[in-house]
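Letter by letter, the chains look like this.
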Amino acid sequence: AEDTKAGKVDIFISSDRLEACKGKLVWTITDVPGKRLRDGLVDVEIPARTSLMAQSLPLQDEIQKVGAKNLLVWLKLDIGGETVSDNMVTFVYPRDLDLCDPKLSPDVKEKNGKFAVTLKAEHPALWTWIELEGVDARCSDNFVHVTKDSPVTITVQPAVRMTKKEFKKALKVRSIFDTSAR
């Protein structure tokens, strides 16, 4: 939960597991172009079937330095070495972020009529989605955040059989950068 007036982010963890477990909460603060400002991690004891505040991040210094419109807080919860949850928090509405061109690029691989689209970005690409122009398709995921350090692979199953060349021609990759008024 972000609190712009107080300049902090309170991080809550909710668990529906039947038993308590241990995890690592990893947080990274960047500016909109992706420059790392600060990061950290904390070991957390997660009780069964409950919600708890794991950490409060004071961010007054970062807000003063780069501004609330230029600040992203990336959160990740690892349990047993596997990421079970991730999130990104902003202090302003997405339309108010000082976005820069993420320079998104897709790499396409085809197997058995399905296509694996790996998205890479030079700068954070927020709420990125893919679609096939004029073709119905099922995507394994969409509206994802892509960063330089974390490419995302989405599996796409077109409703009709397509060659890789046809697929690449119909493929459109966008993020909220493409929808913002600049």
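Described below are features of the structure shown in this document. Computed from a prediction, not measured in an experiment: that's the story for all the values here.

Spatial ordering of the open sheet is given by β8-β9-β13-β11, a layout of four strands whose pairing is antiparallel. Of all the strands in the sheet, the pair left with one neighbour each is β8 (105-111) and β11 (137-139). Neighbour-to-neighbour, the strand axes of the sheet open up by a mean angle of 25 degrees, direction not taken into account. When β8 meets strand β9 (residues 114-120), the two strands line up antiparallel, connected through seven bridges. Among the inter-strand pairings, P106 is bridged to a residue of β9, identified as L119.

Sheet architecture is open: three strands sit in the order β12-β10-β14, paired in antiparallel fashion. Two strands lie at the open edges of the sheet, namely β12 (144-146) and β14 (171-174), each paired on one side alone. Strand-to-strand twist in this sheet, taken as the mean axis angle between neighbours without regard to direction, amounts to 40 degrees. For strand β10 (residues 125-132) and β12, the ladder comprises two bridges, and the chain directions are antiparallel. Bridge assignment links A125 to a residue of β12, and that residue is V146.

Counted by the stated rule, this structure contains two aromatic pairs. Where F115 meets F167, the ring centres are 4.0 Å apart and the plane angle is 10 degrees; that geometry is what we call stacked. Of this pair, F115 sits in strand β9 while F167 sits in helix α2 (residues 164-170), and the two are 52 residues apart along the sequence. Here the two residues F115 and F167 agree in accessibility, since each one is buried.

On to the pattern of salt bridges. All chains considered together, the criterion is met by nine salt bridges. Its salt-bridge partner being R36, residue D149 comes within 3.8 Å of it at the nearest N-O pair. Taken together, the positions of D149 in the loop between β12 and β13 (152-158) and R36 in strand β4 (residues 36-46) put the pair 113 residues apart, joining distant regions of the chain. Judged by relative accessible area, which is 45%, R36 ranks as partly exposed. Here D107 ties to K109 by a salt bridge, and the two come within 3.1 Å at their closest N and O atoms. Judged by its relative accessible area of 34%, D107 falls in the partly exposed class. Taken together, the shared-partner salt bridges connect R36, D39 and D149 into one network.

Conventions we followed
Residues numbered from 1 in each chain as written. Predicted model: local features only at pLDDT ≥ 70, side-chain atom pairs only at ≥ 80, totals over all residues. Heavy atoms only, no water. Pairing = 2+ DSSP bridges. Helix = DSSP H or I, 4+ residues; strand = E, 2+ residues; numbered from the N terminus. Axes fitted to C-alpha atoms, helices over the stretch in contact; angles between N-to-C directions. Phe/Tyr/Trp six-rings, centres within 6.5 Å; stacked < 30°, edge-to-face > 60°. Buried < 20%, exposed > 50% of the residue type's maximum accessible area, 1.4 Å probe, protein only. Salt bridge = Lys/Arg side-chain N within 4 Å of Asp/Glu carboxyl O.

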